[in-house]
Amino acid sequence: MSRYNHREVEPKWRARWAAAGIDRALSPEEANGKPKAYVLEMFPYPSGRIHVGHSRNYTMGDVVARFRRSNGYNVLHPMGWDAFGLPAENAAIEKNVHPKGWTYDNIDAMREQLKLLGLAIDWSREIATCDASYYKHQQAIFLAFWRKGLVYRKKQKVNWDPVDNTVLANEQVVDGKGWRSGAPVETRELEQWMFRVTAYAEDLLTAIGGLDKWPDKVRLMQSNWIGKSQGARFKFDIVDREPGGTSGEHQIEVFTTRPDTLFGASFVALAADHPLTKQAAIENADVAEFITRAQSLGTSEADIEKAEKFGVDLGLRVKHPFDPSWELPVWAANFVLSQYGTGALFGCPGHDERDHAFASTYKLPIIPVVLPNGEDAATFSVADKPYTDDGVAYNSRFLDGLGSRAAIARAVEELVKLGAGEATTQWRLRDWGVSRQRYWGCPIPAIHCEKCGVVPVPESDLPIALPDDVTFDREHPGNPLDRHPTWKHTACPTCGGKATRETDTLDTFVDSSWYFARFTDPKNETSPFDQKKAAYWLPVDQYVGGVEHAVLHLLYSRFFTRGLRDCGYLEGPANGEPFASLFTQGMVVHETYREVVPFTHNYAATDFSKDDPLPPDEPSRARSVAEALGKSPHSAVVLEFDSVAGASGTRVAMGGWLLPEERESLKAGRLYLTGDIEKMSKSKKNVVDLSEFITDFGADVARWFVLSDSPPERDVEWTAAGVKGAWGFVQRVWTLVDAHGKPAPKATDTPPNRAAEGESLALRQLAHRAIQSVTDDIEHFRFNVAIARCYELVNAIAKLKGDDEASIYARGEALRILAQLISPYMPHLAEECWETLGGEGLLAIAPWPVADPQLAARNSVTLPIQVNGKKRGEIEAPKGAPEADVREMALKHPSVAQFLEGQTVRKVIVVADRIVNIVAN
Ligand code: ANZ
Ligand code: ZN
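Residues numbered from 1 in each chain as written. Chains lettered and ligands numbered in written order. Predicted model: local features only at pLDDT ≥ 70, side-chain atom pairs only at ≥ 80, totals over all residues. Heavy atoms only, no water.

- Within an unreviewed UniProt entry, the label attached to the chain reads Leucine--tRNA ligase, and the organism entered is Terricaulis silvestris.
- According to the UniProt record, the Catalytic activity (unreviewed entry) comment for the chain is "tRNA(Leu) + L-leucine + ATP = L-leucyl-tRNA(Leu) + AMP + diphosphate". (UniProt positions renumbered as here; feature names shortened; annotations may be inferred.)

Now the structure itself:
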């Protein structure tokens, strides 16, 4: 009998698949009427190496792609690199390498790793966003968007590092300080390039309704981000200030969604950088201090939501619009966002959480003006808790008795009549600032001329390529493009005079906003993609990626398809949606290792047998050491090496698995106590490298394991036991196929008569039902359930021992079906089995199995057996079986019989086809 050797088998099949060119997507003509399926995983950033955590995402997409291909689809499953971005520049500064070299080296390494996984990817379509052949088209799109009014310039606040003299990305600001200089970051206003995302606000929102194959939570996040609020804007007159007076603005404009609560107003609040707040700060030190404090707390909405509410009385008063004799104080408050509405609001503590908290702190009046239905005005109180829902207006003069919706309309009508304001729609969605003061990004194709202003680069001059000869060092931070001696100097395309190039580059989110369209025609030199090709492939039928991109990347892509459509690049999809179906996968999590327990136990290299295909069980050694030390047995071993593949150091031997070369150079072990289970990441030191793992166990084991233990939308914990299970499964499948030793029957063969009864029939039924359920499971992303079915099938195959013709037939057929069902997950093993079983051609392109409806039909039912109300087992009985038979089967069930030992059965109740209840004592 031969042992399954993944080190030989896996590369062999990858080479054959590549030679046969089966992963290449066909043109519409070649496809000859086949339906198309575009399957895409969010493309990776080439950060270095791939760990097994990353592999889950690609494996999921690959299962779908392979499944679709077997089902007769013309599949497009491409891969590329989101290759611009800050880490390359950081590496340049820290390691003194060029961002370009660093990036392309990483791409090469990661491409090799992905290939090891055996992904069915059309590598002929590979793209890297940092290639001029890619960003040249992006620059053309930028110019088209500009002509269309979707690009404009605007003064924007940026983070400024006063020591390094450079703009910082948000992620480079740590606790309000520059990440390298440590200097407190300042806000500066700079002219920035913007994308007019808000032009499509309404459409981006309503179209979410049609995205019925997206997770609800993502749709909700998108809607909230776009954030449409219907309400009113109106102005309060400031007491003692006249129009055109010398003391500044005489009015304060606010935005509200609840004008019906105006009679419950008890203050007006302004944002920290509202002009009136800034003006007050000039003379009032308390206000100045407030501003500093508010701005140090972080400016994201989440930060503000969390922060304690505080403010300062600005000493101004305003008149109530409905009653000029009623005056309200004006405060500055930290919970008022400067970027939303007018940066000012009126506070109604009785009916808003934040206003309530604020009023409670500063002892401002809390007046109830909305009565919940069914409450009594005499007893209802909002002193302790605001009431934020709709109800009936009261304490509200002319609004009294109106329901909230009617009261809103009535209040707006009154504001309009008074000339104070009007109904408006307010969006949370902002335009997208795309300028980055960075080198490693797509240059913005614009030229600054003293005479002509900002002019577009003529399309014939594209690409505006990044210069290679740039310097990075700590002494000269800031944008290398800016200080390059020649690059930015050019002639104005309009007047021919002296001019300079734009040195800002595009946010890398721009690169990823249209790459899925480029994949449809990746080699096109004259345009981003051919309209017809894009129309054929788009939208992406299945997109797979992390939920961390649920808002920005997906929204920007949705903006882009609309822009591309309106600029004539895309003819379809008619509705502008790039991704028809979206799946957000869970992460791979793994134990982290924290406390080191020093001990001197020495792991002698000679302890390990080199031929042992299963690595030594390190954790149990660790456990015994841990126990001897009186520590928790849930410990891990960190192994120290003299040198491993050139690098000496330590590696956490996940669950003790060792590479062969590591076994040889192993010096000593140290015991770590395991910490929390967290997402695999370099910084947590809990990653398992993909290539190392594949060398040890093979790609199929990794692919199988990451999908097996939990539903794909949830996290899966990487454990030694799980790996062992997957590894054992591979061996078991192979052993069964190998032992079978003959060609399996084909789906078209006629089975021998006796295969229609007894155990062989049961196996045949199980196999055909497995086809049905696995098909349905993959179709619905229940990958783990499909895997469980395959385990079931293997168990059943192993159980059928007979050597008669019928058993051999049933076994052969079941093994063939098994090979087909596992093929999307474990393509190498499946292919090897297929060949051994005499399958025709490559399994990877063989049609998906079809269940025989008669065999798959369920003519038996599963009945749980309860003893005294507790489930003790279950039986499989023919549908509608006689009560006596069922009763006998139930009592004979091994664990039931065991449980009943020494007891007297008082009663057996059989509910036909449902359940068996046994009463005993
Ligand atoms: C008075 C009022 C009374 C409000 C009440 C709510 C409840 P959404 O739904 O998110 O659009 N607001 C207005 N501008 C703001 C800003 N710049 N920063 C923080 N909050 C602001 O929220 C609209 C409501 O948020 C507005 O309606 C306003 O408070 C507040 F019982 O006005 B409301
Ligand atoms: Zn000019």
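1. So, the overall build of the chain
Next up, step 1: Assigned secondary structure in the chain consists of 30 helices and 37 strands.
Next up, step 2: Relative to its 921 residues, the chain shows a buried fraction of 54%.
Next up, step 3: Once local pairs closer than 6 in sequence are excluded, the contacts in the chain between residues at least 24 apart make up 72%.
Next up, step 4: Approximately 40800 Å² of the chain is accessible, and the part contributed by carbon and sulfur atoms is 50%. (Helix = DSSP H or I, 4+ residues; strand = E, 2+ residues; numbered from the N terminus. Buried < 20%, exposed > 50% of the residue type's maximum accessible area, 1.4 Å probe, protein only. Contact = heavy atoms within 4.5 Å. Areas by Shrake-Rupley, 256 points an atom, 1.4 Å probe, with all protein chains shown as cover.)

2. Observations regarding the nonpolar core
Next up, step 1: In terms of nonpolar packing, the biggest core is built from 179 residues, with Phe195, Tyr515, Phe560, Trp718, Leu793, Ile822 and Tyr825 touching the most fellow members.
Next up, step 2: If we skip the residues at most four places from it in the chain, Phe560 touches Ile141, Phe145, Phe195, Trp432, Val510, Ser513 and Trp514.
Next up, step 3: Ranked by size, the runner-up nonpolar core spans 43 residues in total, among them Val254, Phe263, Leu270 and Phe290. (Core = buried A, V, L, I, M, F, W, Y, C linked by side-chain atoms within 4.5 Å.)

3. Here we look at the site of ligand 1
Next up, step 1: Neighbouring ligand 1 are 19 residues; Ser229, Thr256, Leu337, Tyr340 and Arg428 lie closest to it.
Next up, step 2: In the environment of ligand 1, an oxygen atom lies 3.0 Å from a nitrogen or oxygen atom belonging to the backbone of Thr257.
Next up, step 3: One of the backbone N or O atoms of Leu337 is found 2.8 Å from a nitrogen atom in ligand 1.
Next up, step 4: Protein chains shield 88% of the accessible area of ligand 1, which is 640 Å² for the free molecule.
Next up, step 5: Every element with two or more residues in the shell around ligand 1 is listed here: strand S11 (251-256) and strand S15 (344-347).
Next up, step 6: If you tally residues by element for the shell around ligand 1, the top one is S15, at 3 residues.
Next up, step 7: Across the shell around ligand 1, the residue classes tally to 9 nonpolar, 6 polar and 4 charged. (Near = heavy atom within 4 Å. Polar contact = N/O pair within 3.5 Å; in protein donor to acceptor, adjacent residues only side chain to side chain. Nonpolar A, V, L, I, M, F, W, Y, C, P; charged D, E, K, R; others polar.)

4. A word on helix H26 (residues 805-822)
Structural remark: α-helix, 3.6 residues per turn; residues separated by three or four positions point the same way.
Next up, step 1: Here H26 spans 26 Å end to end across 18 residues, near enough to the 26 Å set by a 1.5 Å rise per residue.
Next up, step 2: Within H26, 16 of the 18 residues are buried, which leaves it mostly tucked inside the rest of the structure. (Expected span 1.5 Å × (residues − 1).)

5. Things to note about the packing of helix H22 (residues 699-708) against helix H25 (residues 783-799)
Next up, step 1: Two elements in contact, H22 and H25, have axes whose closest approach is 8 Å; the angle formed by their N-to-C orientations is 115 degrees. Between H22 and H25, the angle falls in the class roughly perpendicular. In this structure, H22 contributes Trp704, Leu707 and Ser708 to the contact, and H25 contributes Phe783, Asn784, Ile787, Cys790 and Tyr791.
Next up, step 2: Tallied by class, residues from the contact of H22 with H25 come to 6 nonpolar, 2 polar and no charged. (Axes fitted to C-alpha atoms, helices over the stretch in contact; angles between N-to-C directions. Parallel < 35°, antiparallel > 145°, perpendicular 65-115°, else oblique.)

6. Observations regarding the sheet that holds strand S27 (residues 542-545)
Next up, step 1: Spatially, the 4 strands line up as an open sheet ordered S2-S1-S27-S28, and their pairing is parallel. Two strands bound the open sheet, and with one partner strand each, they are strand S2 (74-76) and strand S28 (582-584). Mean inter-strand twist for the sheet, computed between neighbouring axes without regard to direction, equals 15 degrees.
Next up, step 2: Two strands pair when backbone bridges link them, and S27 and S28 are joined in this way by 3 bridges, in the parallel orientation. Bridge pairing links Tyr543 to Leu582 in S28. (Pairing = 2+ DSSP bridges.)

7. Observations regarding the coordination of the zinc ion (ligand 2)
Next up, step 1: Taken together, Cys449 (SG), Cys452 (SG), Cys492 (SG) and Cys495 (SG) make up the full set of protein donors to the zinc ion (ligand 2), lying 2.2 to 2.4 Å away.
Next up, step 2: Around the zinc ion (ligand 2) sit 4 donor atoms, and with donor-metal-donor angles ranging over 106 to 114 degrees the site reads as tetrahedral.
Next up, step 3: Along the chain, the residues donating to the zinc ion (ligand 2) fall in the pattern C-x2-C-x39-C-x2-C. With Cys449 in strand S22 (residues 446-449) and Cys495 in the loop between strand S24 (489-491) and strand S25 (498-501), this pair connects stretches of sequence that are 46 residues apart. (Donors = N, O, S within 2.8 Å, 3.2 Å for Na, K, Ca; no water. Tetrahedral: all angles 85-135°; square planar, octahedral: opposite > 155°, others 65-115°.)

8. Regarding the sheet that holds S25
Next up, step 1: Pairing in this open sheet of 4 strands is antiparallel, and the strands run S23-S22-S25-S24 from one edge to the other. Pairing within the sheet leaves two strands with one partner each, and these edge strands are strand S23 (453-456) and S24. When the angles between neighbouring strand axes are averaged without regard to direction, this sheet yields 40 degrees.
Next up, step 2: Inspection of the sheet shows S24 paired to S25 by 3 bridges, in the antiparallel sense. Within S25, the position partnered with Ala491 by the bridge is Lys498.

9. A look at the packing of aromatic side chains
To describe a pair of aromatic rings, you give the distance between the ring centres and the angle between the ring planes.
Next up, step 1: All chains considered together, the criterion is met by 54 aromatic pairs.
Next up, step 2: Considering the side-chain rings of Tyr536 and Trp537, the 4.8 Å spacing of their centres and the 75 degrees angle between planes classify their relative orientation as edge-to-face.
Next up, step 3: Judged by its relative accessible area of 2%, Trp537 is buried.
Next up, step 4: Between Trp704 and Tyr825 the ring centres are 5.6 Å apart and the planes differ by 75 degrees, which places this aromatic pair in the edge-to-face class. Of the two residues, Trp704 sits in helix H22 while Tyr825 sits in the loop between H26 and helix H27 (827-836), which places them 121 residues apart along the sequence. Each member of the pair, Trp704 together with Tyr825, is buried.
Next up, step 5: Pairwise contacts between aromatic rings join Phe142, Phe145, Trp146, Trp193, Phe195, Tyr200, Trp432, Phe509, Tyr556, Phe559 and Phe560 into one cluster.
Next up, step 6: Sitting over the ring of Phe310, Arg293 keeps its end group 3.6 Å from the ring centre.
Next up, step 7: In this arrangement the basic side chain of Arg872 is found over the ring face of Phe899, its NZ or CZ atom lying 3.9 Å from the centre. (Phe/Tyr/Trp six-rings, centres within 6.5 Å; stacked < 30°, edge-to-face > 60°. Lys NZ or Arg CZ within 6 Å of the ring centre and 35° of its normal.)

10. Notes on unusual backbone geometry
Next up, step 1: Omega for the peptide link from Leu462 to Pro463 comes to 0 degrees, which places this bond in the cis form.
Next up, step 2: Mapped onto the fold, Pro463 is located in the loop between S23 and helix H14 (480-483).

11. Brief notes about the side chain of Ser513
Next up, step 1: Counting through the fold element by element, Ser513 comes out in the loop between helix H15 (508-511) and helix H16 (515-518).
Next up, step 2: The exposure class of Ser513 is buried, given its relative accessible area of 0%.
Next up, step 3: When neighbours within four sequence positions are excluded, Ser513 is seen to be in contact with Trp432, Tyr556, Ser557 and Phe560.

12. Observations concerning the confidence of the model for the chain
Next up, step 1: On average, residues of the chain carry a pLDDT of 88, and 89% of them reach 70 or more.
Next up, step 2: Contacts of residues 631-660 to residues separated by more than four positions or lying in other chains number 106 contacts, the stretch itself having pLDDT below 50.
Next up, step 3: Within the model, the stretch residues 666-671 combines pLDDT values under 50 with 38 contacts to residues more than four positions away or in other chains. (pLDDT = per-residue confidence, 0-100.)

13. Re the pattern of salt bridges
Next up, step 1: Counted by the stated rule, this structure contains 40 salt bridges.
Next up, step 2: The partner of Asp468 in a salt bridge is Lys100, with the nearest N and O atoms 3.3 Å apart. One end of the pair, Asp468, is in the loop between S23 and H14; the other, Lys100, is in helix H5 (residues 99-116), and 368 residues separate them in sequence.
Next up, step 3: Overall, Lys100 belongs to the partly exposed group, its relative accessible area being 32%.
Next up, step 4: Between Arg782 and Asp776 there is a salt bridge whose closest N-O contact spans 2.8 Å.
Next up, step 5: Residue classification places Arg782 among the partly exposed positions, given a relative accessible area of 30%.
Next up, step 6: Assessed through its relative accessible area of 35%, Asp776 is described here as partly exposed.
Next up, step 7: Through salt bridges with shared partners, a single ionic network connects Asp203, Arg558, Arg562 and Glu577. (Salt bridge = Lys/Arg side-chain N within 4 Å of Asp/Glu carboxyl O.)

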